Amino acid sequence: GRMMLGKATRYLPLDPNKVLGGKEGENVAERWDRLIGQGCDDYRKRIHCLIYPNCNHHVAHCLNRLKYNGWEHYEMFQLWWMICFRAKFCGMRGFLVSMLPFFIVVAIILAVLLARYL
């Protein structure tokens, strides 16, 4: 499927062995597939918006179903933290799309400050 805001720029590798949800007797792959599928089924009925609920809420819901890393209270802040400090860029394009706006804003602020105080 297509994503609302275009191609992914970052991704967060997850360890399927940290999935603590699921039924006894299921192997890791079965638990992962079933719980992600259930989370997606839950969100298939909802409208995704830019503010609430959005794709981040969908991902948090799936992580909560997985009880990923023993935690079942994922929200926007936890996802933001994980993506900022643990996610990988999808190549140079992903890096530029993600970081170039930030660098431009910082450059403008620095230029304004330097022009004002020099």
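Residues numbered from 1 in each chain as written. Predicted model: local features only at pLDDT ≥ 70, side-chain atom pairs only at ≥ 80, totals over all residues. Heavy atoms only, no water.

## Quick look at the nonpolar core
Okay, step 1: Within the largest apolar cluster, nine residues are counted, these being Val19, Leu35, Ala60, Leu63, Leu66, Tyr68, Tyr74, Leu79 and Met82.
Okay, step 2: When residues of this core are traced back to their parent elements, those giving at least two are α2 (55–66) and α3 (76–86).
Okay, step 3: The greatest single-element share of this core, amounting to three residues, is contributed by α2.
Okay, step 4: With residues up to four places along the chain from it excluded, the contact list for Leu66 reads Val19, Leu20, Gly21, Arg31, Trp32, Leu35 and Ile36. (Core = buried A, V, L, I, M, F, W, Y, C linked by side-chain atoms within 4.5 Å. Buried < 20%, exposed > 50% of the residue type's maximum accessible area, 1.4 Å probe, protein only. Helix = DSSP H or I, 4+ residues; strand = E, 2+ residues; numbered from the N terminus. Contact = heavy atoms within 4.5 Å.)

## A word on the pattern of salt bridges
Okay, step 1: Taken as a whole and judged by the stated rule, the model has three salt bridges.
Okay, step 2: For Glu26, the salt bridge goes to Arg34, with nearest N and O atoms at 2.7 Å.
Okay, step 3: For Arg34, a relative accessible area of 23% puts it in the partly exposed group.
Okay, step 4: In this structure, Arg44 engages Asp41 in a salt bridge whose closest nitrogen and oxygen atoms are separated by 2.8 Å. Residue Arg44 and its partner Asp41 are located together in helix α1 (residues 28–44), separated by three residues, close to a single helical turn.
Okay, step 5: Asp41 gets classed as partly exposed once you look at its relative accessible area, which sits at 37%. (Salt bridge = Lys/Arg side-chain N within 4 Å of Asp/Glu carboxyl O.)

## Description of the packing of aromatic side chains
Okay, step 1: Under the criterion given, the structure shown has eight aromatic pairs.
Okay, step 2: Ring geometry for Phe95 and Phe103: centres 6.3 Å apart, planes at 50°, overall tilted.
Okay, step 3: Here the aromatic cluster, defined as three or more aromatic residues joined through ring pairs, consists of Phe77, Trp80, Trp81 and Phe85.
Okay, step 4: Positioned over the ring face of Phe89 is Arg10, at 4.2 Å from the centre of the ring.
Okay, step 5: In this structure, Arg46 packs its charged tip against the face of Tyr43, placed 4.3 Å from the ring centre. (Phe/Tyr/Trp six-rings, centres within 6.5 Å; stacked < 30°, edge-to-face > 60°. Lys NZ or Arg CZ within 6 Å of the ring centre and 35° of its normal.)

## Section: the side chain of Glu26
Okay, step 1: Looking at where Glu26 falls in the secondary structure, it is placed in the loop between β1 (10–11) and α1.
Okay, step 2: Within the local environment of Glu26, its side chain forms a polar contact with the backbone nitrogen of Lys23, the two atoms lying 2.9 Å apart.
Okay, step 3: Ignoring any residue separated from it by four or fewer positions in sequence, one finds Glu26 in contact with Arg31 and Arg34. (Polar contact = N/O pair within 3.5 Å; in protein donor to acceptor, adjacent residues only side chain to side chain.)

## With respect to the side chain of His57
Okay, step 1: Here His57 lies in helix α2.
Okay, step 2: Engagement of the side chain of His57 in a polar contact is seen with the backbone nitrogen of Asn54, the distance being 3.0 Å.
Okay, step 3: Setting aside chain neighbours within four positions, we find His57 in contact with Tyr43, Ile51, Tyr52 and Met76.

The values are spatial; any link to function lies outside them.
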